[in-house]
Amino acid sequence: MNKFLFLLFFLSIVSSQSLIAGNKVPQLGKDPINKVISAMTLEEKAQLLVGRGQNNISNKDYIVSGAAGMTISIPRLGIPSTVESDGPAGLRIDPRRKEDSKTYYCTGFPIATLLSSTWNTDVVEEVGAAMGNEVLEYGCDVLLAPGMNIHRNPLCGRNFEYYSEDPLLTGKIAAAMVNGVQSQGVGTSIKHFAANNQETFRMQNSSNISQRALRELYLKGFEIAVKESHPWTIMSSYNKINGAYTQEDYSLLTSLLREDWGYKGIVMTDWTGLRNTKAQVHAGNDLMMPGKSDQVKEIILAVKSGKLSISDVDRNVKRMLEFIMKTPRFKKYNYTNKPDLKAHAFITRKSADEGIILLKNDDNTLPLKTESGDIALFGVGSYNFLAGGTGSGDVNKAYVINMYQGLKNAGFELQPKLNSFYEKYIEAENVQIKELNGKKAWWQVFMPEEAKIIPEYIKNRAKDSEVAVITFFRSSGEGHDRHKTEGDFLLTKKERDILENVTKSFHAVNKKVIVVLNIGGVIETASWKNIPDAIILAWQPGQEGGNSVADIIKGNVNPSGKLTMTFPVRYSDVPSSKNFPSDYQGEKFNTDKKDIGYTDYDEGLWIGYRYFNTFDKSVSYPFGYGLSYTTFDYAAGAKIKKSGKSYTVAVKITNTGKVAGKEVAELYISAPKGKLEKPAMELKAFTKTKLLQPGESEIVTMTFNLHDLASFDESINSWITDNGKYKVSIGSSVQDVRQTIFFDVKNVYKEKMKAKI
Ligand code: BGC
């Protein structure tokens, strides 16, 4: 074709596309959405439903380098691309770009498990707002967070990205996070919807769950987050539930989510690749991520051959357009690439301060005074301190403050011989990748303790220091579950030796030993917790971690974090341990193999404290537990007031100790005996006091409603709250109830659900 003909051809296409029946082509935002949809070709519609990821573009075409995904743009209709980026501990993008001397570091906030351990929705919302601000200022539109799957089993490799074994706490904390992030005018994607509770074969495994456990445990947190925070997007998980892929399940993604819960945003798939696209579209996935060109073709073919209805496509396209119109990219936000990282560092430190949990503090070992003398800082973990876990939930942060730096910053003197000993060891090892359980464990940052720390050496440190701090660390990440063996759930022989030797030597000269746990998930503590004098559960506390732990050690901050899960005595005490791939040795996928192809949630409702508390089984640390440097009194005479379907409980809490502190108050309900068997106590509300000065009181209130009290009766597909006498237990942990009151529900409350999963 010569140049002139080509120009004519080109102009005719442009003009036919930009003019419809003599009118201007509708523009998103200026014209009604339905008009924009009717101006779209089938190809454009199909493209809009498929992310602009794998195969479509190379990473260098990404507007924001290192983002997890994008949606396509259709310039002629005024539809821009949008950018979706991980993840739960902060924004995950590339910190450096080619031929660009600027840096794009993001704040590494504490892991989700630590954030929920604050039991403070205001703190979580503030963290969310800071994260959301980085999303906005780095030019992204959606944060692929929060993760909110239930801690069904302590060994799930991604528990660190999730909040709790309890759905109410999960839902409330997630809602606070979503509200915080979205306050910045960017979106969230609550994930992974749903029942994605193991990493082993997460893309194929079927979670086989009773309807009741599904509704009351695995969907409940999502229901709360949807109703209380309206996330812009939801990520449908990789796994199956009861044999059906969640991504292809109409009853889950449409009947339940949209019809029963009233969800209005979009659903995107987890980063799946090719599956049954038409089933996904029909089920209510509005966006296939990360997006393959074959999926576009499949949608077009399916519509043309009548296998997929155009009304399903149009329905999803409409939701996509509504979503896009909310984004900063659509609003042409002029992002700076310069979020206030200093201010956010302060926020991450403050949040970690509030979620770190004091597990043990015999004879007021803590806090320590800076002038008392040198600290002997043991443990590779003290110097190789972990801010977070690995995988998509990892953040490219500019720095991590380790324990050594944190304690120094707080003004403590550290025994210099130990520091140089560990520095040399870490340098000699030079790698953080070690063989664990006979396999290359690339997802686990693991460095064994140095065997050369011989008792004689430790004895000398007991002489020249005043107190010992030992850090044990554990890492885990996406794609792999943890192991129940030494080096993971259990301490290694060397770790135990160090703990015993240090304690023996320090106790011999009347000095104390403090253990710091820098972990992302539950470990075994029952067999060794009697050895040291104090134990601090620091979790993986974000980039300012060392400073936060030092805030607690020095007493600048009085610990107020509490456990959001149970620490069992033994792994085998956990009911789900009978149905979890804790013995997985790398074998191939097999549909028919237990815990590989499918996982039976035989334990039903009996997870975490629901089990241990109801059946009176001993635990190492109970749900809701955490110590303080002060004491709190819950005054007798707590009051309950009914208003419509809601109940509000008020109780007076007084700081009866010598230092200022905050108290988490937990409200559990015991239901009367009815048709369905129920856990002895279930968390139905919680709150945290303000910082109470010694002697100061606060009347805190906690609210729940009739729907919150309901159990799911599968036989009639309904939520039911029986009538009868209910007990309210208000306490400091599930095992430390301080006040009980009763109230009557006069009439049975029933709510029928449309969806059957
Ligand atoms: C993870 C998601 C993540 C996505 C994008 C997936 O493999 O499961 O949590 O948001 O990748 O990085």
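Residues numbered from 1 in each chain as written. Predicted model: local features only at pLDDT ≥ 70, side-chain atom pairs only at ≥ 80, totals over all residues. Heavy atoms only, no water.

1. Quick look at the sheet that holds strand 12 (residues 244-245)
Keep this limit in mind: For two strands to be treated as a pair, DSSP must find at least two bridges joining them. Under the scheme used here, helices are H or I runs from DSSP no shorter than 4 residues and strands are E runs no shorter than 2 residues, and both carry numbers assigned from the N terminus.
The four strands lie next to each other as 12-11-9-22, forming an open sheet whose pairing is mixed. Lying at the two open borders of the sheet, with one neighbouring strand each, are strand 12 and strand 22 (598-600). In the sheet, strand 9 (residues 206-208) pairs with strand 11 (residues 240-241) via two bridges, with the strands oriented parallel. Across the sheet, residue Ser206 finds its bridge partner in strand 11, namely Lys240.

2. Points about the pattern of salt bridges
Quick note on the threshold: For this document, the term salt bridge refers to a Lys or Arg side-chain nitrogen within 4 Å of an Asp or Glu carboxyl oxygen. A simple rule labels every residue: compare its accessible area, found with a 1.4 Å probe on the protein chains alone, to the largest value its type can have, and call it buried under 20%, exposed over 50%, or partly exposed in between.
The tally for this structure, following the rule as stated, stands at 46 salt bridges. With a closest N to O distance of 3.1 Å, Lys688 and Glu354 form a salt bridge. In this pair, Lys688 sits in strand 28 (residues 682-688) while Glu354 sits in helix 13 (residues 341-355), placing the two residues 334 residues apart along the sequence. The shortest N-O distance in the salt bridge between Asp573 and Arg570 comes to 3.3 Å. By relative accessible area, which is 18% here, Asp573 ends up buried. With relative accessibility at 49%, the residue Arg570 sits in the partly exposed group.

3. Quick notes on the sheet that holds strand 31 (residues 718-721)
How we decide: To get an axis, a line is fitted to the C-alpha atoms, and for a helix only the part in contact is used. The angle between two axes follows their N-to-C directions and goes from 0 to 180 degrees. The criterion used for residue contact is that any of the two residues' heavy atoms lie within 4.5 Å.
Overall, antiparallel pairing links the three strands, which are arranged 30-31-34 in an open sheet. The sheet terminates laterally at strand 30 (711-713) and strand 34 (749-752), the two strands that pair on one side only. Shown here is a sheet whose adjacent strand axes are inclined to one another by a mean of 30°, direction ignored. Bridge analysis of strand 31 against strand 34 gives four bridges, and the strand direction is antiparallel. Looking at strand 34, one finds that Thr721 is bridged to Tyr749. Each of strand 30 and strand 31 touches helix 7 (residues 211-218); the most contacted strand, strand 30, lies at about 155° to it.

4. Describing the site of the ligand
Applicable threshold: Here, proximity means that at least one heavy atom of the residue falls within 4 Å of the molecule or strand. Two N or O atoms count as a polar contact when they lie within 3.5 Å, although within protein this holds only if one can serve as hydrogen donor and the other as acceptor, and sequence-adjacent residues are included solely when both atoms are side-chain atoms. Residue burial considers only the protein chains on display, and all accessible areas are found by Shrake-Rupley using a 1.4 Å probe. By the convention adopted, Pro, Cys, Tyr, Trp, Phe, Met, Ile, Leu, Val and Ala count as nonpolar, Lys, Arg, Asp and Glu as charged, and the other residues, Gly among them, as polar.
Among the 13 residues in the neighbourhood of the ligand, the closest are listed as Asp86, His192, Tyr238, Asp270 and Glu478. Contact distances for the ligand include 2.7 Å between an oxygen atom and a side-chain N or O atom of His192. Between Arg202 and the ligand, the recorded distance is 3.2 Å, taken from a side-chain N or O atom to an oxygen atom. Contact with the protein chains covers 91% of the free accessible surface of the ligand, which is 310 Å². A per-class count over the shell around the ligand returns five nonpolar, two polar and six charged.

Nothing here speaks to function; it is geometry throughout.
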